[in-house]
Amino acid sequence: MRFGRIVPAVFAPMASLGVNIDHIANVRQARRTVEPDPVRFALLAELGGADGITVHLREDRRHIQDRDVELLRATLRTRLNLEMAATAEMEAIALRIRPDMVTLVPERREEVTTEGGLDVAGQGEGIRTLVGRLEGAGIGVSLFVDPDGRQLEACRTCGARWVELHTGAYAEAAWEDQPLQLARITEATTNARAMGLRVNAGHGLTYHNVEPIAAIEGMEELNIGHTIVARALAVGLEEAVRQMRALVQNPRRDPLFGDRQP
């Protein structure tokens, strides 16, 4: 009996999952007490399979506190991704704590959550200088931007190694508009990688809409928080992380749109 030539299977790299624990801290700060402690919950997220932990240390300290970041740096066994504004105060904290990655994000006190991408193109020289100092200290830098070609080119010029694509427009779009928003993120991922940038994504992703983003070729990591914490109220954080990681690492290719290509 003759057999055809055996061709080794080629597997696309799976996206990893960064779990944002800001909303754990939100519950604690609502009563200005000591529980729930986001540092302890970060351990549960790691046990559930989180590849990294993300926290946003805001200027007004509305949720994550300085002690949280310090303790996370000392206790995490995965990666610590520190989201922060491009300010002198936050730069000093990052250089002292030395997280594995800093993600520069826009920040306004009146917003409930980050509402859009960083205007890297409009702040070019300042961002470039900050990126250079952080990278010089051995801290990887990602820039949180909208899936826009002008912003991606500015990110490349600034010397960042990563971009995190803002998925808010996709997450908030009506069902019939989601294919267009998905196509924008897919195109931006392709273009960013062609520029030599590594690509992460996040904002507004849920158990219901994450798979098309996770399936994008070249997507390295998804940072997700609110929906995981919300599910954790029912099933516990470890199990909620485990369920999300399964979707991120084994996404159906086109679960939302069937045979239609966005």
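Residues numbered from 1 in each chain as written. Predicted model: local features only at pLDDT ≥ 70, side-chain atom pairs only at ≥ 80, totals over all residues. Heavy atoms only, no water.

A look at the packing of aromatic side chains
- Within this structure, the stated rule accounts for zero aromatic pairs.
- For the cation-ring pair, Arg231 lies above Tyr207, with the distance from its terminal atom to the ring centre recorded as 3.6 Å. (Phe/Tyr/Trp six-rings, centres within 6.5 Å; stacked < 30°, edge-to-face > 60°. Lys NZ or Arg CZ within 6 Å of the ring centre and 35° of its normal.)

Quick word on the environment of Ala30
- Relative to the elements of secondary structure, Ala30 occurs in helix 1 (residues 22–31).
- Through-space distance from the C-alpha of Ala30 to that of His63 is 8.7 Å; in sequence the pair is 33 residues apart. (Helix = DSSP H or I, 4+ residues; strand = E, 2+ residues; numbered from the N terminus.)

Considering the nonpolar core
- Of all hydrophobic cores here, the largest spans 68 residues; its most connected members are Leu143, Ile213 and Leu222.
- For this core, the element with the most residues is helix 11 (residues 237–249), which contributes five residues.
- The residues touching Ile213, leaving out its near neighbours within four places in the chain, are Tyr170, Leu182, Ile185, Ala201, Leu205, Met219 and Leu222. (Core = buried A, V, L, I, M, F, W, Y, C linked by side-chain atoms within 4.5 Å. Buried < 20%, exposed > 50% of the residue type's maximum accessible area, 1.4 Å probe, protein only. Contact = heavy atoms within 4.5 Å.)

Description of the sheet that holds strand 6 (residues 162–166)
- With parallel pairing, eight strands are arranged side by side around a closed barrel as 1-2-3-4-5-6-7-8. Direction aside, neighbouring strands of the sheet carry axes that sit 25° apart on average.
- As paired elements, strand 2 (residues 52–56) and strand 3 (residues 79–84) share five bridges and run parallel to each other. For Gly52, the partnering residue across the bridge sits in strand 3 and is Arg79. (Pairing = 2+ DSSP bridges. Axes fitted to C-alpha atoms, helices over the stretch in contact; angles between N-to-C directions.)

Some words on empty space enclosed by the protein
- Evaluated as defined, the whole model comprises one cavity of 30 Å³ or more.
- Roughly 30 Å³ of volume is contained in the largest cavity.
- Lining the largest cavity are Pro147, His166, Thr167, Gly168, Ala169, Tyr170, Gln181, Arg184 and Ile185.
- Sorting the residues of the lining of the largest cavity by element identifies helix 7 (168–172) and helix 8 (178–194) as the ones contributing at least two each. (1 Å grid on protein atoms, 1.4 Å probe; cavity = no way out; pocket = protein on both sides within 12 Å on 5 of 7 lines; lining within 4 Å. Points joined across faces, edges and corners; volume = space filled by probe spheres on them.)

A look at the pairing of strand 7 (residues 198–202)
- Extensive coverage of strand 7 is indicated by the burial of four of its five residues.
- In the sheet, strand 6 pairs with strand 7 via five bridges, with the strands oriented parallel. Its bridge partner being in strand 7, Glu164 is matched across the sheet by Asn200.
- Judged from the four bridges that link them, strand 7 and strand 8 (residues 219–224) form a sheet pairing that is parallel. Note that in strand 8 the partner of Asn200 across the bridge is Glu221.

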